[in-house]
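Chain by chain, the residues:
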Amino acid sequence: MKNHRFLIGLLSFLPGLARAQGEPAPVPSVTNQTAVNPSAKEVDQVEAPAGPPLDTRLDAIEQRMKEVESAEAEAGHATPARAIDLYGFMDVGLQRLFLDSGDPLNGVYPTRATTFVLGNVNLYLDTRPGPGWRTLIETRFTLYPNGSESFTPNYQRVNTSVYDSSDPNGRAHVSWGGVVIERAWGEWSYSQALTIQAGLFPSPYGIWNIDHGTPVLISLLLPAFQVEEAIPARLVGVHAYGSFVFGALDLGYHVYLSNGRTMTNVDLTDDKALGARLFLRHSGATRFTVGMSGYWGTSSDDTKQLDFSSGSFGVTETRAWAYHEWAAGVDLSVDWGGWRLRTEALLHRVKYDAGAQNEPGLGPPGSVLPNRFAHYWYGLLAHRFARRFEPYVYVEIQYVSPPDFLDDFVCTPSLGFNIYFKPWAQLKTQYSSSYFFNTEGPNPSNVTIRSLASRLVFVF
Amino acid sequence: MAMLGCLLSHPSGAEEPAELVVIVHPSSPVRALSANDLRAVFTRVLRDWPDRTPVTAINLAPSVPERVVFDRVVLGMDPDDVAQFWIDQMIRGDSPPPRQLSSAAAIVDLVSRTPGAIGYIPDSKLKPRVKVVARIRRSQVVMP
């Protein structure tokens with residue numbers, strides 16, 4: 001790069017180079033005598049040139065060359081660019097969960113106090129090594145596992161604090177955090193109708209899981225089907241997608257084959273999970289997308305025990321639990337003027353295999369999740385006015401049959417307000433109340449969770 | 001990083017240029033493009049031409065007044081909307097925005113050498129080595 005810059009600097013003293021980067025050199029006009037015989041004023045300007053300093057002009061030239069090189073590489077003219085586009089987002093905020101001291105949900109959430117939180121710190125590494133090829137890695141940096149709590153069955157809290165041995169005082173300490181791989185895939189595009197992707201990818205279903213990040217999502221509160229991952233949020237496998245364009249409409253599809261929901265990083269069975277999405281999208285002054293998504297898969301867990309009973313070393317595997325599941329959903333998003341509508345409905349069925357014990361649940365220690373149907377729906381209506389302000393109403397309903405730990409019906413009305421300072425800086429605030437009911441059990445649940453959350457979101 | 005940086009810096013307004021022309025490589029089978037077609041191309045919804053040549057859309061830089069006019073007429077978006085649109089696309093992991101060049105001459109040069117390329121320039125910068133497939137005149141997309 002230094003040689004490159006030196007060459008630019010050297011050449012920039014040659015007349016007309018700056019224009020040679022993109023603009024044609026001016027042809028001296030026959031009638032413009034001042035071009036041939038500069039006036040005294042112009043001579044002064046030559047001796048003491050006005051305008052930006054040399055470094056600024058060199059930066060501009062270098063930037064323009066990068067633009068051309070980048071565009072040419074994408075068009076397939078030049079050697080594939082090795083540059084990585086780095087971008088991402090982060091959010092930080094203040095939140096409070098309003099719970100009574102005796103509420104069992106205190107076991108799930110670590111504090112009832114108002115607390116600052118560091119939310120997402122997500123970094124994207126995006127490369128396009130050649131025409132039609134692309135890789136994308138998104139990582140989330142997090143302070144976890146430090147501070148994570150669990151009851152198994154006794155209360156435990158993870159403490160990752162260690163002495164920083166590189167500190168000259170020898171007494172400083174750090175709490176190490178973690179990295180979550182949100183996606184890591186490579187893809188090759190054969191045509192508009194077919195792109196093949198392999199790796200770890202967000203499951204392409206509905207609106208929420210595709211919109212994915214706080215800068216894009218309107219609401220801070222995740223729908224229950226996202227929290228509970230009625231369809232796994234991300235999967236390892238292969239994914240094909242494409243679309244067919246008809247004027248302002250395009251009809252698109254996603255089909256993916258994956259390990260499905262696994263307890264480890266590998267699949268414990270040979271059967272693979274299958275998912276698909278079909279959508280119709282309209283671009284223009286009124287934008288809308290209507291879609292339907294489906295998922296079918298199995299999940300299981302095994303335990304292993306060393307076995308020396310036969311005189312030689314062996315491992316006995318026992319199927320701990322196993323089930324098959326399917327989910328189907330529909331979604332609609334509309335952007336009309338300042339109005340924004342988002343709604344999704346999803347049905348999730350889990351059925352355990354005969355003879356296989358059910359999966360451990362979130363209830364009291366030793367409890368298991370039963371075969372179940374879960375129904376989810378949410379609707380969100382927002383209106384952006386004066387370009388920057390966006391109040392919205394969000395309502396969510398969840399019905400599970402048979403009831404989970406405490407309830408079978410949850411209703412969550414919510415109000416939110418977003419401020420868009422700039423496209424890359426937003427403030428999101430949301431208040432919500434979740435009402436839990438047990439319509440089938442003997443002890444009606446009367447749990448209510450109220451929360452207030454805000455996030456300052458930055459895109460970089 | 002530079003791509004987002006360019007996306008995020010934009011002028012607050014722009015004067016209406018006399019006329020913009022949308023240009024493609026001379027070998028392109030495309031004869032004319034409508035506003036819908038252009039929107040699909042410059043939002044990267046349309047990725048292949050009818051002859052399956054990959055579309056290479058080239059934008060002017062956000063600081064160029066013609067870019068602001070083009071986005072307003074074709075995409076129906078102002079600079080903030082455009083920046084938000086591409087931020088959303090990139091956070092979703094979708095296609096990044098079209099590459100951009102700062103000068104009309106560079107766009108003419110690249111489009112004339114690249115089958116599948118498409119760009120737009122002021123009519124006054126038009127050269128015979130490219131083909132015009134649409135014009136933007138008085139805030140409307142019209143046939144060439």
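Owing to the predicted nature of the structure, the values given are computational and were not obtained by experimental measurement.

## Here's the deal with the overall build of chain A
Here comes step 1: What chain A contains, in helices and strands, is six helices and 20 strands.
Here comes step 2: Going through the 460 residues of chain A one by one, you find that 26% of them count as buried.
Here comes step 3: Long-range pairs, those at least 24 residues apart, make up 58% of the contacts in chain A between residues at least 6 apart in sequence.

## Digging into the overall build of chain B
Here comes step 1: Across its full length, chain B holds five helices and six strands.
Here comes step 2: Written out in order from the N terminus, the α and β elements of chain B read α-β-α-β-α-α-β-α-β-β-β.
Here comes step 3: For chain B, the residues scored as buried account for 51% of the 144 residues in total.
Here comes step 4: Put simply, 70% of the contacts in chain B that link residues at least 6 apart link residues at least 24 apart.

## Details of the environment of isoleucine 196 of chain A
All names here are of chain A.
Here comes step 1: Mapped onto the elements, isoleucine 196 comes out in strand S9 (residues 194–202).
Here comes step 2: Classification of isoleucine 196 as partly exposed rests on a count of 14 C-beta atoms within 10 Å.
Here comes step 3: For isoleucine 196 and histidine 254, which are 58 residues apart along the polypeptide, the C-alpha to C-alpha distance reads 10.0 Å.
Here comes step 4: If we skip the residues at most four places from it in the chain, isoleucine 196 touches Glu187, Trp188, Val238 and Ala240.

## As for the nonpolar core
All names here are of chain B.
Here comes step 1: Counting residues in each nonpolar core, the largest one holds 40 residues, and the members touching the most others are Val22, Ile23, Ile107, Val111 and Ile118.
Here comes step 2: It is helix H5 (residues 104–113) that contributes the most residues to this core, six residues altogether.
Here comes step 3: Setting aside its immediate chain neighbours within four residues, isoleucine 107 contacts Ile58, Leu60, Leu101, Gly119 and Ile121.

## Notes on the sheet that holds strand S1 (residues 20–24) of chain B
Residues and elements named next belong to chain B.
Here comes step 1: Strand order in this open sheet of six strands is S3-S2-S4-S1-S5-S6, and the pairing throughout is mixed. The open sheet has two free edges, formed respectively by strand S3 (99–101) and strand S6 (140–142), since each of these has just one partner strand. Across the sheet, the axes of successive neighbouring strands diverge by a mean angle of 30°, strand direction being ignored.
Here comes step 2: Pairing of strand S2 (residues 56–60) with S3, which is carried by three bridges, proceeds in the parallel orientation. Within S3, the residue paired with asparagine 59 across the bridge is glutamine 100.
Here comes step 3: The sheet contacts of H5 involve S1, S2, S3 and strand S4 (117–122), and relative to S4 the element is tilted by about 150°.

## What about the environment of valine 69 of chain B?
All names here are of chain B.
Here comes step 1: By the secondary structure assignment, valine 69 is in helix H3 (residues 65–75).
Here comes step 2: Owing to 20 C-beta atoms within 10 Å, valine 69 belongs among the buried residues under this scheme.
Here comes step 3: Here the alpha-carbon distance between valine 69 and serine 139, two residues 70 residues apart in the chain, equals 7.8 Å.

## Topic: H3 of chain B
Here comes step 1: When H3 of chain B is considered as a whole, its buried residues turn out to be Glu66, Arg67, Val68, Val69, Phe70, Asp71 and Val74 of chain B.
Here comes step 2: Positive backbone phi, approximately 70°, marks glycine 76 of chain B, located one or two places after H3 of chain B.

## Digging into the confidence of the model for chain B
Here comes step 1: Looking at chain B, pLDDT values average 88 and 88% of them are 70 or higher.
Here comes step 2: For this predicted complex, the interface score ipTM comes out at 0.85, while the overall pTM is 0.82.

## Some words on the pairing of strand S3 (residues 133–142) of chain A
Residues and elements named next belong to chain A.
Here comes step 1: Judged from the six bridges that link them, strand S2 (residues 115–127) and S3 form a sheet pairing that is antiparallel. Across the sheet, residue tyrosine 124 finds its bridge partner in S3, namely glutamate 138.
Here comes step 2: Between S2 and S3, which pair antiparallel in sequence order, lie five residues; one of them, glycine 132, sits at a positive phi of approximately 90°.
Here comes step 3: Here S3 pairs with strand S8 (residues 178–191) via ten bridges, running antiparallel. In the strand pairing of S8, isoleucine 137 is matched with alanine 184.

## As for unusual backbone geometry
Residue and element names in this part refer to chain A.
Here comes step 1: Look at the link from tyrosine 144 to proline 145: it is a cis peptide, with omega at 15°.
Here comes step 2: The backbone of histidine 212 shows a phi angle near 70°, a positive value even though the residue is not glycine.
Here comes step 3: Among the secondary structure elements, histidine 212 is positioned in the loop between helix H5 (208–211) and helix H6 (224–227).
Here comes step 4: Positive phi outside glycine occurs at arginine 387, with the angle close to 70°.

## Comments concerning the pairing of strand S11 (residues 249–258) of chain A
All names here are of chain A.
Here comes step 1: Here S11 shows a buried face lined by Asp250, Gly252, His254, Tyr256 and Ser258 and an unburied face lined by Leu249, Leu251, Tyr253, Val255 and Leu257.
Here comes step 2: Where strand S10 (residues 234–246) and S11 come together, ten bridges link them in antiparallel fashion. By the bridge assignment for S11, histidine 239 is matched with tyrosine 256.
Here comes step 3: Counted between consecutive antiparallel strands, the loop separating S10 from S11 contains two residues, among which glycine 247 sits at a positive phi close to 65°.

## Re the confidence of the model for chain A
Residues and elements named next belong to chain A.
Here comes step 1: Residues at a pLDDT of 70 or more form 80% of chain A, whose mean pLDDT is 83.
Here comes step 2: Here helix H2 (residues 17–20) stands out as the element of chain A with the lowest mean pLDDT, 36, in contrast to S9, whose mean of 98 is the highest.
Here comes step 3: Throughout residues 1–48 the model reports pLDDT below 50, and contacts reaching past four residues in sequence, or to other chains, amount to 34 contacts.

## Focus on helix H4 (residues 79–92) of chain B
Residue and element names in this part refer to chain B.
Here comes step 1: With 14 residues, H4 should cover 20 Å at 1.5 Å per step; its first-to-last C-alpha distance of 20 Å lies within 8% of that length.
Here comes step 2: Looking only at H4, the buried set comprises Pro79, Val82, Ala83, Gln84, Trp86, Ile87, Met90 and Ile91.
Here comes step 3: Glycine 93 sits one or two positions beyond H4 and adopts a positive phi of about 90°.

## Concerning the environment of valine 117 of chain A
Residue and element names in this part refer to chain A.
Here comes step 1: With respect to the helices and strands, the residue valine 117 is situated in strand S2.
Here comes step 2: Residues valine 117 and valine 92, spaced 25 residues apart in sequence, show a C-alpha to C-alpha distance of 5.8 Å.
Here comes step 3: Filtering out sequence-adjacent residues up to four positions away, valine 117 remains in contact with Gly93 and Gln95.

Cut-offs applied
Residues numbered from 1 in each chain as written. Chains lettered and ligands numbered in written order. Predicted model: local features only at pLDDT ≥ 70, side-chain atom pairs only at ≥ 80, totals over all residues. Helix = DSSP H or I, 4+ residues; strand = E, 2+ residues; numbered from the N terminus. Buried ≥ 20, exposed ≤ 12 C-beta atoms within 10 Å, placed from the backbone. Contact = placed C-beta atoms within 7 Å. Core = buried A, V, L, I, M, F, W, Y, C linked by C-beta atoms within 7 Å. Pairing = 2+ DSSP bridges. Axes fitted to C-alpha atoms, helices over the stretch in contact; angles between N-to-C directions. pLDDT = per-residue confidence, 0-100. Expected span 1.5 Å × (residues − 1).

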